[in-house]
Amino acid sequence: MIHSKLKSFPKGFLWGASTSAYQVEGAWDEDGKGPSVIDMGKYPEGTSDFKVASDHYHRYKEDIALFAEMGLKAYRFSIAWTRIYPKGTGEINEKGIAFYNDLINELLSHNIEPIVTMYHFDLPYALQEKGGWSNRDTIDAYENYAKTLFKYFGDRVKYWLTINEQNMMILYGAVLGTVDSKIENPQKELYQQNHHMLLAQAKAMKLCHEMCPNAKIGPAPNIISIYPASSKPEDVIAASNFSSIRNWLYLDAAVFGRYNSIAWSYLEEKGYTPVIQEGDMEILKSGKPDFIAFNYYSTSTVAEIKNDSSDKNSTGDQQIAIGEPGVYRGVSNPYLEKTQFGWEIDPIGFRSTLRELNERYNLPLLVTENGLGAYDKLEEGDEVNDDYRIDFLRKHIEQAKLAITDGVNLIGYCPWSAIDLVSTHQGISKRYGFIYVNRDEFDLKDLRRIKKKSFYWYKDVIESNGDKL
Ligand code: BG6
């Protein structure tokens, strides 16, 4: 639809930026922090570990001053569960509470709204050793952790995100380390873990409303429009299959407290249905989100199945549709350009995703990740001319504005990432930030902060409430 006049971004729009604890903080074993699955995980050869990351743990004041200079209205970060409970449960680590208290206070002193992810991939290793999300005790551990966060920080944090990209943890479990890929039926195990995470999330949402009546809470999956490769009806069914398995399974459970029927039929067909105990569905129904947060990088395009092993294309990753025999085949979209890392760039798909979410759930939407990973170059005179990032973000913000004009209730936009950090599986060289951190994969150099060209650009965007793009 062409609109003759575009609506403006609403007053109080949460112009922000995002990070996660293990990717930015460093100090992986300091001040009583326990190890997480990330700390104990393996890193692809040639990429950095997460031990120092961007050293934000020691430099958060300097970083927040830069965020304030950029004009951020909100900062989305995650709390490391293992700083609060080094073993996932048991005794509280007061130094962990103190760190996040200081961080939150520092943000508020700059009028930056904290948006807190409670769990971003970094499950405490002590829980993992007891079966991780396969063990129902982890649901109680998460609920107890949630209670602690609401108790200590609920007086100041108004926006909570339960679990980052639960759908990616299940669909790409081997990459994100929630299941041992060597076990006999990892997929079945993953969907059991998924069920437990859904219960944990529902309990946290309920608890948040009881303990912090002025706060809002929502899930934060990675949601994207799925395109059929053509108008061939078989392609359309394949797209619908993938969309239900990848997107709606997670959000239907979070919002309506039930399993999506197409996704459930997939679980039945594959023999992946989770064990559901008596009372579980009541728990699922008891938690209600106030908004939907979601991460968006790209769309996926899928085609009709051939129902043989060629349906599975092995080159995929979390943003590249892989395919599954008998369900859908991932294909590349000939209309889209790709990033240096092979992810398709699709700003219009962003508008389409916003519209789909709005139509299905009719809840406020908050974008918690969107951005471009690239090999940035530090040039002479401490300049980073990341025009490609500006171009990417500009086009996505333009589409967000169109979506708002379409009637979507978008309350905030937090691109990934506020500052350079270590990518989940591609090291520090895959940079996303508005602020450059001077280090390489293995040479930590001086870790100094350098404002990129996109920093100044985003500052103008925020100052003009999205008018000056
Ligand atoms: C999301 C995650 O999957 O995408 C982030 O929530 C991650 O943790 C981001 O860093 C970008 O992915 P990657 O693999 O390029 O770091």
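Just above sits the structure.
Residues numbered from 1 in each chain as written. Predicted model: local features only at pLDDT ≥ 70, side-chain atom pairs only at ≥ 80, totals over all residues. Heavy atoms only, no water.

Colleague: How should the overall build of the protein be read in this particular structure?
Modeller: A count of helices and strands for the protein gives 15 helices and 14 strands. Taken over the C-alpha trace, the protein has a radius of gyration of 21 Å; the compact-globule value for 469 residues is 23 Å, and the two agree within 12%. When the backbone C-alpha atoms are referred to their principal axes, the protein occupies close to 55 × 55 × 45 Å. A buried classification covers 59% of the 469 residues belonging to the protein. Intrachain contacts of the protein at a sequence separation of at least 6 include 75% that bridge at least 24 residues. Only carbon and sulfur atoms are counted for the fraction: they give 49% of the accessible area of the protein, which is about 18,200 Å². The averaged location of the 65 negative side-chain charges in the protein is 3 Å from the averaged location of its 53 positive side-chain charges. (Helix = DSSP H or I, 4+ residues; strand = E, 2+ residues; numbered from the N terminus. Rg over C-alpha atoms; globule rule 2.2 N^0.38 Å. Buried < 20%, exposed > 50% of the residue type's maximum accessible area, 1.4 Å probe, protein only. Contact = heavy atoms within 4.5 Å. Areas by Shrake-Rupley, 256 points an atom, 1.4 Å probe, with all protein chains shown as cover. Lys, Arg positive; Asp, Glu negative; His and termini not counted. Charge placed at Lys NZ, Arg CZ, Asp CG, Glu CD.)

Colleague: Looking at this structure, I do not really get the packing of helix α13 (residues 347–361) against helix α14 (residues 387–405). What am I missing?
Modeller: A pair of packed helices is captured by two measures, namely the crossing angle of their axes and the spacing between those axes. Taken N-terminus to C-terminus, the directions of α13 and α14 make an angle of 30 degrees; their axes are 8 Å apart at the nearest point. Between α13 and α14, the angle falls in the class roughly parallel. Like other packed secondary-structure pairs, α13 and α14 cross with a definite hand, here right-handed. Residues Pro347, Ile348, Phe350, Arg351 and Leu354 of α13 form the contact with α14, whose own contacting residues are Lys395, His396, Gln399, Ala400, Leu402 and Ala403. (Axes fitted to C-alpha atoms, helices over the stretch in contact; angles between N-to-C directions. Parallel < 35°, antiparallel > 145°, perpendicular 65-115°, else oblique. Left-handed = near helix turned anticlockwise from the far one by under 90°.)

Colleague: So what exactly am I meant to see when it comes to the site of the ligand here?
Modeller: Inspection of the region around the ligand gives 16 residues, with Gln23, Glu165, Thr424, Lys430 and Tyr432 positioned closest. At 2.8 Å from an oxygen atom of the ligand is found a side-chain nitrogen or oxygen belonging to Glu369. When grouped by side-chain class, the residues that make up the shell around the ligand number 5 nonpolar, 8 polar and 3 charged. (Near = heavy atom within 4 Å. Polar contact = N/O pair within 3.5 Å; in protein donor to acceptor, adjacent residues only side chain to side chain. Nonpolar A, V, L, I, M, F, W, Y, C, P; charged D, E, K, R; others polar.)

Colleague: How do you make sense of helix α6 (residues 137–153) when you look at a structure like this?
Modeller: Two residues of an α-helix separated by three or four positions point the same way, owing to the 3.6 residues in each turn. With 17 residues, α6 should cover 24 Å at 1.5 Å per step; its first-to-last C-alpha distance of 24 Å lies within 8% of that length. Every buried residue belonging to α6 is among Thr138, Ile139, Ala141, Tyr142, Tyr145, Ala146, Thr148, Leu149, Phe150 and Phe153, and all of these are buried. For α6, the secondary structure elements touched by its buried residues are α3 (81–84), α4 (94–109), α5 (125–128), β4 (159–164), α9 (186–211) and β5 (216–220). (Expected span 1.5 Å × (residues − 1).)

Colleague: Would you mind going over empty space enclosed by the protein with me for this structure?
Modeller: Think of a ball as big as a water molecule: rolled over the atoms, this probe shows where empty space is left. Scanning the model with the defined rule gives 6 cavities of 30 Å³ or more in all. Its boundaries defined by the atoms lining it, the second largest cavity holds a volume of some 80 Å³. As for the second largest cavity, its lining consists of Ala21, Tyr22, Glu25, Gly26, Trp28, Lys33, Ser36, Asp39, Phe50, Ala80, Arg83 and Asp122. Tallied by class, the residues present in the lining of the second largest cavity amount to 5 nonpolar, 2 polar and 5 charged. (1 Å grid on protein atoms, 1.4 Å probe; cavity = no way out; pocket = protein on both sides within 12 Å on 5 of 7 lines; lining within 4 Å. Points joined across faces, edges and corners; volume = space filled by probe spheres on them.)

Colleague: Which parts of the structure should I look at to understand helix α15 (residues 453–463)?
Modeller: Taken together, the buried positions of α15 are Ser454, Phe455, Trp457, Tyr458, Val461 and Ile462. The buried side chains of α15 occupy one side of the element, clustering within an arc of 165 degrees when seen end-on. Among the structural elements, β1 (14–18), α2 (56–70), α14, β12 (410–413), β13 (435–437) and β14 (449–451) are those in contact with the buried residues of α15. Asn465 sits one or two residues past α15 and shows a positive phi near 50 degrees. (Arc of directions from axis to C-beta.)

Colleague: Just checking my understanding: could you explain the environment of Asn214 for this structure?
Modeller: Its location among the elements puts Asn214 in the loop between α9 and β5. In this structure Asn214 comes out as exposed when scored by relative accessible area, which is 71%. Expressed as a C-alpha distance, the spacing of Asn214 and Val157, which sit 57 residues apart in the sequence, is 9.4 Å.

Colleague: It is not clear to me how the sheet that holds strand β6 (residues 226–228) should be interpreted in this structure. Could you clarify?
Modeller: To summarise the sheet geometry, strands pair through backbone hydrogen bonds and adopt either a parallel or an antiparallel arrangement. The strand order β6-β8-β10-β9 describes an open sheet built from 4 strands, whose pairing is mixed. Every other strand in the sheet has two partners, leaving β6 and β9 (323–324) as the edge strands with one partner each. As judged from the 3 bridges shared by strand β8 (residues 300–303) and strand β10 (residues 328–331), these two strands associate in the antiparallel manner. Opposite Val302, over in β10, you have Gly330 as the bridge partner. Seen against the sheet, helix α10 (residues 233–256) touches β6, β8 and β10 and runs at an angle of roughly 165 degrees to β6. (Pairing = 2+ DSSP bridges.)

Colleague: What's the story with the sheet that holds strand β2 (residues 74–78) in this structure? I'm lost.
Modeller: Judged by pairing direction, the sheet is parallel, and its 8 strands sit side by side in the order β5-β4-β3-β2-β1-β12-β11-β7 without closing on themselves. In this open sheet, the two strands that pair with only one neighbour each are β5 and β7 (292–295). Sheet twist, expressed as the mean angle between neighbouring strand axes with direction ignored, is 30 degrees. Bridge count between β1 and β12: 2 bridges; the pairing is parallel. Its bridge partner lying in β12, Leu14 is registered against Gly412.

Colleague: Even after reading the chapter, I still don't get the pattern of salt bridges, so can you show me in this structure?
Modeller: Per the counting criterion, the structure on display carries 31 salt bridges. Arg448 is paired through a salt bridge with Asp382; the nearest N and O atoms lie 2.7 Å apart. One end of the pair, Arg448, is in the loop between β13 and β14; the other, Asp382, is in the loop between β11 (365–369) and α14, with 66 residues separating them in the sequence. The shortest N-O distance in the salt bridge between Asp446 and Arg448 comes to 2.8 Å. Its relative accessible area of 31% is what places Arg448 among the partly exposed residues. By sharing partners, the salt bridges in this structure join Asp376, Asp386, Arg389, Asp420, Arg431 and Lys452 into a single network. (Salt bridge = Lys/Arg side-chain N within 4 Å of Asp/Glu carboxyl O.)

Colleague: What is the right way to look at unusual backbone geometry in this model?
Modeller: Ser417 follows Trp416 through a cis peptide bond whose omega is 10 degrees. Summarising the element assignment, Ser417 is placed in the loop between β12 and β13. Of note, Asp55 is a non-glycine position whose phi angle comes to about 60 degrees, a positive value. Here Asp55 is to be found in the loop between α1 (21–24) and α2. Of note in the backbone geometry, Asn362 takes a positive phi value of approximately 50 degrees without being a glycine. Among the structural elements, Asn362 can be located in the loop between α13 and β11.

Colleague: For this particular structure, what's the right way to read the nonpolar core?
Modeller: Nonpolar side chains in soluble globular proteins generally cluster together in the buried interior. By size, the foremost hydrophobic cluster in this structure holds 130 residues, and its most contacted members are Trp81, Tyr100, Met118, Tyr142, Phe153, Trp160 and Tyr458. For this core, the element with the most residues is α9, which contributes 11 residues. Excluding anything up to four places from it in sequence, Trp160 contacts Val116, Met118, Leu149, Phe150, Phe153, Gly154, Cys208, Ala215, Lys216, Ile217, Gly218 and Phe291. Counting 10 residues, the second-largest nonpolar core is a separate cluster that includes Leu14, Ile115, Tyr159 and Phe291. (Core = buried A, V, L, I, M, F, W, Y, C linked by side-chain atoms within 4.5 Å.)

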